[in-house]
Amino acid sequence: MVLLFEKLGDYTLYYLEQAGRMGLFLCQCLWRVVTPPYRIFPVVRQLNFIGARSIFVIFFTGGFTGMVLALQGYYTLRKFGSEGLLGSAVALSLIRELGPVTAALMVIGRAGSAMTAEIGIMRNSEQIDALECMAVDPWRYLIVPKFIAAVISMPLLTAIFDVVGIFGGYLVGSLMLGVNGGTYFQGMYQSVHWVDVEMGLVKSLVFGLLIVWISTAKGYFLHWERSGGFGAEGVSRATTSSVVLASVTVLIWDYLLSAIML
Amino acid sequence: MRQEKKIDCPAVIELIGVEKVFGRQRVLDGVDLRVCEGTTTVIVGASGEGKSVILKHMLGLMRPDAGRVEIFGRDITQASARELKAVRRDFGVLFQNVALFDSMTIFDNVALPLRERTKERPQQIAVRVEELLQMMDLPGAATKYPAQLSGGMQKRVGLARALALDPKIVFFDEPTTGLDVLKSNEIYRLFHHTQAKLGYTAVIVSHDVPKIFKLSDHVALLAEGVIQGQLTPEEFQRSENPLIRDFVETTMGLIYSSEREEAALQ
């Protein structure tokens, strides 16, 4: 019994400690984002990595998400005889919900995992210690550019996702299923308001921050991992747990933000 | 008796009663150590005694549970991140596993401290990096990646990077571990050469007894969590301290009698 309490307390302390560390990490990073020196080139490099190189995958997932939405939406809407609402159904679901979430999940898989692995390996092979010993701030050098780039990239990627998705929906709905093209876009035009776009924008910004925060912190604190952050296996475990944690956090925050903003 | 003789000199680094506990293991139990300006101090001891831990305390990568670590008379255990950064500006470090940035070329590795810490123009940096690589006998390695170099070459790149900003103190964590005799001697030669040229203070953690003694002004044995004596190599060999005697007997019985080894080091 005592052992159980001891274990419980141990776990609680560990997770509290981890939460505190992550919180401080975020504060440290945000502080460095807003204070000089500002450096453009590293941010551009990260924008290329997180943003530009994700466009292809976002394009595909966006397109197919829109297409399947149209397919499923058409099936449902036809039951009520309201195929004309297909455009607004696809656009609203994409802009308010599926766009930010799916784009975030894709970025987690593509860039988030890579960030954790990269920083984790640097931590493991003492490269971060080396930076510190050279009086180079590892946060500023490694993490701040990723923060800025992720927060800039996410809304843009989400926008691309939405637009491609809407055209994917048009492709299936109008060209395959025979919904009138004008009705598709007219419905969308009438039902999508600025608040919907705003919701998607806020979500994508928050998701961008969450992704980069979790992915970089998981790598940076690899040596504190309870399961042992050593060697290749340590990095792989940290990467897995960062992808899982980031995905779950994104979905939880998606619910919270939807609940707040509705 | 921990310290057989107090070293009297202007201290660059001074550890006073440093204690560190990991879980249930008391690794450092009141370490006192004094590193004099311009000298070479070697910390020896069995594996797992905590030699690297001492080094990490000097670098400010670890904070002691008790005691003080003074660098240039300034206690870094109480220092803020900014103060620590200021102190580290005078540091050069050669890590045990070199810790080169493996996704950057050799050129970028050596250039990194110059780019990040100085306002020099790219052309000046290129000249300086070339100069450092020449000094380390690494011509033509600039465009390669660390993984494409041998262990000995990596160590030399590490040394070039450590010396890029003319540091006042250079730390070496096991500089020759994993290298054969010739490569080790090469590293020692470069060390000797660069120290004579740049005049830095050196702290070396090493296993390579007795060879390392030839380069050192002071030798300190870490055993049972304390420094068992910080002495000149000759004094160290003749020490009455049972732990030092034990260490000397097991590791370096023949140090001053092998002429061949003497010649190899010249």
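Predicted, not measured: the structure shown is a model, and the values here were computed from it.

This part covers helix H8 (residues 242-251) of chain B. All names here are of chain B. Taken residue by residue, H8 has Ile-244, Phe-247 and Val-248 as its buried positions. Here the buried residues of H8 occupy an arc of 95° about the axis, which is enough to place them on one side. Of the residues in H8, the exposed ones pointing more than 90 degrees away from the buried face are Pro-242, Glu-249 and Thr-250. Looking at the buried residues of H8, the elements they touch are strand S3 (40-44), strand S9 (218-223), strand S10 (226-231) and helix H7 (233-238). A side-chain oxygen of the first residue of H8 lies 2.8 Å from the backbone nitrogen of Leu-243; this N-cap is Asn-241.

What follows concerns the packing of aromatic side chains. Scanning the entire structure with this criterion turns up 18 aromatic pairs over all chains. Here the aromatic rings of Phe-172 of chain B and Phe-191 of chain B are separated by 5.1 Å at their centres, their planes lie at 85°, and the arrangement is edge-to-face. In this pair, Phe-172 of chain B sits in strand S7 (residues 169-173) while Phe-191 of chain B sits in helix H6 (residues 181-198), placing the two residues 19 residues apart along the sequence. Phe-191 of chain B carries the same exposure label as Phe-172 of chain B, and that label is buried. Ring plane angle 85° and centroid distance 6.3 Å describe the contact between Phe-236 of chain B and Phe-247 of chain B, whose orientation is recorded as edge-to-face. Here Phe-236 of chain B, found in helix H7, pairs with Phe-247 of chain B, found in helix H8; they are 11 residues apart in sequence, far enough to count as distant. A connected cluster of aromatic rings, assembled from ring pairs, spans Phe-25, Trp-139, Tyr-220 and Phe-221 of chain A. The cationic tip of Arg-110 of chain A hangs over the ring face of Phe-49 of chain A; the distance from NZ or CZ to the ring centre is 5.1 Å.

Another aspect to go through is the sheet that holds strand S1 (residues 11-22) of chain B. Residue and element names in this part refer to chain B. Strand order across the open sheet formed by 4 strands is S2-S1-S4-S5, with antiparallel pairing between neighbours. The open sheet has two free edges, formed respectively by strand S2 (25-36) and strand S5 (74-75), since each of these has just one partner strand. As defined by bridge partners, S1 adjoins S2 across 9 bridges and the pair is classed as antiparallel. Bridge pairing in S2 links Lys-20 to Leu-28.

Another aspect to go through is the sheet that holds S3 of chain B. Residues and elements named next belong to chain B. Here we have 6 strands laid out as an open sheet, ordered S6-S7-S8-S3-S9-S10, and mixed in their pairing. Taken across any chain shown, the strands that pair with only one partner, and hence form the sheet edges, are strand S6 (91-94) and S10. Strand-to-strand, the axes of this sheet are offset by a mean angle of 15°, without reference to chain direction. Here 5 bridges tie S7 to strand S8 (residues 201-205), and the two strands are oriented parallel to one another. Residue pairing across strands places Phe-171 opposite Val-203, the latter belonging to S8.

Let us look at the state of the cysteines. All names here are of chain A. A full pass over the atoms with the stated rule returns 0 disulfides over all chains. Just so you know, Cys-133 is unpaired, no disulfide at all, and the nearest cysteine sulfur is the one on Cys-29, 19 Å from it. When its relative accessible area of 2% is taken as the criterion, Cys-133 is described as buried.

Moving on, we come to the pattern of salt bridges. Residues and elements named next belong to chain B. Counting across every chain of the model gives 24 salt bridges over all chains. Close ionic contact of Asp-29 with Arg-26 constitutes a salt bridge, the shortest N to O distance being 3.4 Å. We classify Asp-29 as partly exposed; its relative accessible area is 31%. We classify Arg-26 as partly exposed; its relative accessible area is 44%. A salt bridge links Arg-128 to Glu-131, with the nearest nitrogen and oxygen atoms 3.1 Å apart. Taken together, the residues Arg-128 and Glu-131, both in helix H4 (residues 122-135) and 3 residues apart, mark about one turn of the helix. The class of Glu-131 is partly exposed, set by a relative accessible area of 47%.

The partner chain A presents 16 residues to the 21 residues of chain B that form the contact. For the pair chain B and chain A, the summed buried area comes to about 1,600 Å², and 59% of that belongs to carbon and sulfur atoms. It is Arg-88, Phe-101 and Glu-116 of chain B that lose the most area in chain B upon contact with chain A, and together they represent 30% of the buried surface on that side. Inspection of the region where chain B meets chain A yields 3 salt bridges.

This part takes up H6 of chain B. Residues and elements named next belong to chain B. Given a rise of 1.5 Å per residue, 18 residues ought to cover 26 Å, and the 25 Å separating the end C-alpha atoms of H6 matches this to within 8%. Every buried residue of H6 is accounted for by Ser-184, Asn-185, Ile-187, Tyr-188, Leu-190, Phe-191, Thr-194 and Gln-195. Measuring from the backbone nitrogen of Leu-182 back to the side-chain oxygen at the start of H6 gives 3.1 Å, which picks out Asp-180 as the cap. Looking at the residues trailing H6, positive phi occurs at Gly-199, about 70°.

Here we take up the pairing of S3 of chain B. Residue and element names in this part refer to chain B. Of all the 5 residues making up S3, 5 are buried; the element is thus mostly covered by neighbouring parts of the structure. The alternating pattern of S3 places Thr-40, Val-42 and Val-44 on one face and Thr-41 and Ile-43 on the opposite face, and all of these are buried. Sheet topology note: the S3/S8 ladder contains 4 bridges and is parallel. By the bridge assignment for S8, Val-42 is matched with Ile-204. Direction of pairing for S3 relative to S9: parallel, over a ladder of 4 bridges. Looking across to S9, one finds that Ile-43 is bridged to Ala-220.

All names here are of chain B. Orientation of helix H3 (residues 106-117) relative to H4, taken along the N-to-C sense of each, is 120°, at an axis distance of 9 Å. Here H3 is positioned oblique relative to H4, judged by the angle of their axes. Our pair here, H3 against H4, has a crossing hand that is right-handed. Note on element contacts: H4 touches H3 through Ile-125, Ala-126, Arg-128, Val-129, Leu-132 and Leu-133, opposite Ile-106, Phe-107, Val-110, Ala-111, Leu-114 and Arg-115. For the contact of H3 with H4, the class distribution of residues is 10 nonpolar, no polar and 2 charged.

Judged by nonpolar contacts, the single largest core of 91 residues is most densely connected at Phe-25 of chain A together with Ile-13, Ile-54, Met-58 and Phe-171 of chain B. Considering each element in turn, this core owes the most residues, 14 residues, to helix H4 (residues 86-124) of chain A. Residues within four places of Met-58 of chain B in sequence aside, it is in contact with Ile-13, Leu-15, Leu-33, Ile-43, Val-69, Ile-71, Ile-76, Phe-91, Phe-171 and Val-203 of chain B.

Conventions and cut-offs
- Residues numbered from 1 in each chain as written.
- Chains lettered and ligands numbered in written order.
- Predicted model: local features only at pLDDT ≥ 70, side-chain atom pairs only at ≥ 80, totals over all residues.
- Heavy atoms only, no water.
- Buried < 20%, exposed > 50% of the residue type's maximum accessible area, 1.4 Å probe, protein only.
- Helix = DSSP H or I, 4+ residues; strand = E, 2+ residues; numbered from the N terminus.
- Arc of directions from axis to C-beta.
- Contact = heavy atoms within 4.5 Å.
- Polar contact = N/O pair within 3.5 Å; in protein donor to acceptor, adjacent residues only side chain to side chain.
- Phe/Tyr/Trp six-rings, centres within 6.5 Å; stacked < 30°, edge-to-face > 60°.
- Lys NZ or Arg CZ within 6 Å of the ring centre and 35° of its normal.
- Pairing = 2+ DSSP bridges.
- Axes fitted to C-alpha atoms, helices over the stretch in contact; angles between N-to-C directions.
- Disulfide = S-S within 2.5 Å.
- Salt bridge = Lys/Arg side-chain N within 4 Å of Asp/Glu carboxyl O.
- Buried area = accessible area lost by both parts, 1.4 Å probe.
- Expected span 1.5 Å × (residues − 1).
- Parallel < 35°, antiparallel > 145°, perpendicular 65-115°, else oblique.
- Left-handed = near helix turned anticlockwise from the far one by under 90°.
- Nonpolar A, V, L, I, M, F, W, Y, C, P; charged D, E, K, R; others polar.
- Core = buried A, V, L, I, M, F, W, Y, C linked by side-chain atoms within 4.5 Å.

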